[in-house]
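Reading the structure
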Amino acid sequence: MRIASAAPPTIRGAAILVGLQGLAGVAFAVALLVRAIGGASTAGNNIYGEAGYFAVLGGAVVGVGVALFLGKHWARSPAVVVELLLLGVAWYAAGPSGRPEIGVPVGVLCAVVLYLLFASKSREWSMGLDEKDADQTGH
């Protein structure tokens, strides 16, 4: 089954990566929920709430990834915000937390997604200057 999308390949690539990041957030929420059901949630340590929080955030990021893949222009800005926030998380994991094995790959992934979102074809698409419009205006 082929899904028609007016988005350029750079946007579709970023969309897949953003969607995978969202799925990782949802998977983390499920892992927290399993942990809470196992009895790890205690007074003052509400793992159910934490799982719900990550489920909502992860689901929203999955939604942004799907919207980007389908060619929705509005989804580019939330994707950029998510990547900038995750870049801060990656820096903290690699530096102050002393977990470079987590922070460095996450940081590299964020940099790749940001590159894809800001590539020239992606910017042209986001501004509505795709090939059809460029041919009509003579650019």
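The text that follows walks through the structure, step by step, so that each part is easy to find. Sequence positions are assigned chain by chain, starting from 1 and proceeding in written order. Owing to the predicted nature of the model, reporting of local features is limited to residues with pLDDT of at least 70; listing and counting of side-chain atom pairs is limited to 80 or more, with chain, interface and lining totals taken over all residues. Side-chain measures here rest on the full set of heavy atoms in the structure, leaving out hydrogens and waters.

1. Things to note about the overall build of the protein chain
Each helix is a run of DSSP H or I of at least 4 residues and each strand a run of E of at least 2, with the numbering of both proceeding from the N terminus. Across its full length, the protein chain carries six helices and zero strands. Residue exposure (1.4 Å probe, protein chains only): buried if accessible area is under 20% of the type maximum, exposed if over 50%, otherwise partly exposed. Among the 139 residues that make up the protein chain, the fraction classed as buried is 30%. Restricting the contact set of the protein chain to residue pairs at least 6 apart, pairs at least 24 apart contribute 67%. Contact criterion: two residues are considered in contact whenever any of their non-hydrogen atoms come within 4.5 Å of each other.

2. Some thoughts on the nonpolar core
Only buried residues count toward a nonpolar core, which is a set of Ala, Val, Leu, Ile, Met, Phe, Trp, Tyr and Cys residues joined through side-chain atoms within 4.5 Å. Ile11, Val18, Leu68, Ala79 and Leu117 are the most contacted members of the largest nonpolar core, which has 18 residues in total. Looking at this core, the elements that each hand over two or more residues are helix H1 (9-40), helix H2 (47-69), helix H3 (76-94) and helix H4 (100-118). Look past the residues within four positions of Val18 in its chain and what remains in contact with it is Val61, Val64, Gly65, Ala79, Glu83 and Val113.

3. Details of the side chain of Arg76
Relative to the helices and strands, Arg76 is located in helix H3. Think of it this way: Lys and Arg go in the positive column, Asp and Glu in the negative one, and His and the chain ends go nowhere. Salt bridges are defined as contacts in which a side-chain nitrogen from Lys or Arg sits within 4 Å of a carboxyl oxygen from Asp or Glu. For the buried residue Arg76, which engages in no salt bridge, the nearest side chain bearing the opposite charge is Glu124, 11 Å off.

4. Points about the pattern of salt bridges
Counting across every chain of the model gives one salt bridge. Between Glu101 and Arg99 there is a salt bridge, and its shortest N-O distance comes to 2.5 Å. Overall, Glu101 belongs to the partly exposed group, its relative accessible area being 48%. Note on Arg99: relative accessible area 40%, which makes it partly exposed.

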